[in-house]
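The residues making up each chain are set out below.
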Amino acid sequence: MKLLLSVTLFLAAVGAPLPAQSDDPSKLLASLEQQRQLSHRLREARQTGDLQEVARVMASLSALPHLVALPFSNEDDPRGALKAQAREMLDQELANATKVLEQTRRQALGKACTRCDGRAYRQCGRCQGKGYRERRVGRRMRRIDCRAWDPCPVCSESGRLAADPEVHQRLQRLVLLAGKEAVRIDVLTAIKNVLSNLDGVPPGLALESPRGGFLLKITGHGPFIPDKLKSTDKKKLKAAWLKSQPADRREYLYQLALDTARVADGLRFLSGQTKVPTLAEVIKKATPTTVEELAWNGRSLIGKFVSIEAVGKKPTQEYLDAVDFPLAGRINLDGVDPKMVVAFCYVPEDIEAIRACGKLGIGDKIDRSVRSYPPRAVMKALQKIGVGKRLRLQGRVLRHPDGVPAALLEVWRVEEVAAGEEGAQR
Ligand SMILES: [Zn+2]
Ligand SMILES: [Zn+2]
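What counts and what doesn't
- Residues numbered from 1 in each chain as written.
- Chains lettered and ligands numbered in written order.
- Predicted model: local features only at pLDDT ≥ 70, side-chain atom pairs only at ≥ 80, totals over all residues.
- Heavy atoms only, no water.
- Helix = DSSP H or I, 4+ residues; strand = E, 2+ residues; numbered from the N terminus.
- Rg over C-alpha atoms; globule rule 2.2 N^0.38 Å.
- Buried < 20%, exposed > 50% of the residue type's maximum accessible area, 1.4 Å probe, protein only.
- Contact = heavy atoms within 4.5 Å.
- Areas by Shrake-Rupley, 256 points an atom, 1.4 Å probe, with all protein chains shown as cover.
- Lys, Arg positive; Asp, Glu negative; His and termini not counted.
- Charge placed at Lys NZ, Arg CZ, Asp CG, Glu CD.
- Donors = N, O, S within 2.8 Å, 3.2 Å for Na, K, Ca; no water.
- Tetrahedral: all angles 85-135°; square planar, octahedral: opposite > 155°, others 65-115°.
- Right-handed = clockwise from strand over helix to strand, strands pointing away.
- Pairing = 2+ DSSP bridges.

Draft legend 1. Spatial organisation of the overall build of the chain. Each helix and strand counted, the chain has 14 helices and 12 strands in total. For 426 residues, the compact-globule formula gives about 22 Å, and the C-alpha radius of gyration of the chain, at 28 Å, lies well above that figure. The dimensions of the chain, computed from C-alpha atoms along their principal axes, are 115 × 50 × 35 Å. Buried residues in the chain amount to 47% of all 426 residues. Contacts in the chain between residues far apart in sequence, at least 24 positions, make up 71% of those at least 6 positions apart. In the structure as shown, the chain presents an accessible area of about 22,500 Å², 51% of it carried by carbon and sulfur atoms. Taking the 70 positively charged and 50 negatively charged side chains of the chain as two groups, their mean positions are separated by 11 Å.

And the structure:
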């Protein structure tokens, strides 16, 4: 993501005040000669695909005291044309980075094992997954223990084929753990033991119609803290657990782990955040900035509190599909490409999930920096404001560990900008 930095620097340079204009003809000629040389370098860099060099040359070009319009450009303003080119490049680069990320992930996961459908085990043919068999001894029927499942020999208990060796081993360990915990009588401890051992479990996996769906229906997909379940749900869960077959329990625990790993992966941007802001602090420190600045230069704002005004749009499917982001509270802003910046708020369930991750030891204290986030106030404010209205958003700019989106705007406060009040930033 070095390129991002250089293009960002370039865009910052374009926005900077121009050097003093000089009418000295010899200086003008020197400047034009420089532009000619730089344009040549720019063409070469583009041909070889060296995008960093492109960004560097563009920055040098835009800093020249005199610029003549670029050939084949409709723009009268050569600096504006350069800016448009840089944005196009940045856009392209982020789109490529998204593709590479997805590809790398897919490759690491390999394919679902065809023998076991990615489940890593097959139902035991002797007891049909019940975990015991009945045998006649004399006149009586006697129960004898049986293994409820047989390890899949094709994928050696990882459920994946041709996966990255690390992923393969990690999944094997998870499958083993889920199997061990499935025979436990205390369901809450079983869940806790599985969910607090998810380090390194890759995101992006799910079983097709997993067994034990009735257990999942009671608890939801997680992450959650088992002890914090409602007491009626706890009772239901315990009863359903005791009645269920070990094979159902194993698969429920496994699916729950995969779901939680996916959510935890999406929340990595909160990992290791040391500051614990309060709403009052966010409002006080929020520096007014423009949508344009946030959209194209969001990286330079990382770690800062900002206040922007923008028109909220309906989140279209295209918008939602543009980047992988786990939270539902995304705010689609006019003029902001979600690959560049995703503005979002947390709903109360998100904060619950983040707290659960923190308690389960997932990530590096990911619940710390949103300890005093007001999810209900933000949600209420957003619900009151219709789509298409001009909003004032105040919040914190965060880095996304994947580099795409380039930055995140964590919204702490939202209000409608009244007509006539536009641009009057507080
Ligand atoms: Zn069996
Ligand atoms: Zn298999």
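This is not the end of the story, as more comes after the structure.
Draft legend 2. Structural context of the coordination of the zinc ion (ligand 2). On the protein side, the zinc ion (ligand 2) has C113 (SG), C116 (SG), C152 (SG) and C155 (SG) as donor atoms, found 2.2 to 2.3 Å from it. Coordination geometry of the zinc ion (ligand 2): the four donor atoms subtend angles of 104 to 114 degrees at the metal centre, consistent with an arrangement described as tetrahedral. Counting the intervening residues between successive donors of the zinc ion (ligand 2) yields the motif C-x2-C-x35-C-x2-C. Highlighted residues: C116 in the loop between β1 (111-112) and β2 (121-123) and C152 in the loop between β5 (149-151) and β6 (160-161), separated in sequence by 36 residues. In this pair, the class of C116 matches that of C152, namely buried.

Draft legend 3. Fine view of the pairing of strand β8 (residues 305-313). Summarising burial for β8: seven of the nine residues are buried, a large majority. Read as a crossover between parallel neighbours, the route from strand β7 (residues 287-288) over helix α11 (residues 291-297) to β8 is right-handed. Judged from the seven bridges that link them, β8 and strand β11 (residues 390-398) form a sheet pairing that is antiparallel. Its bridge partner being in β11, F305 is matched across the sheet by R396. Where β8 meets strand β9 (residues 330-333), two bridges bridge the pair, whose relative direction is antiparallel. Paired with G312 across the bridge in β9 is L333.

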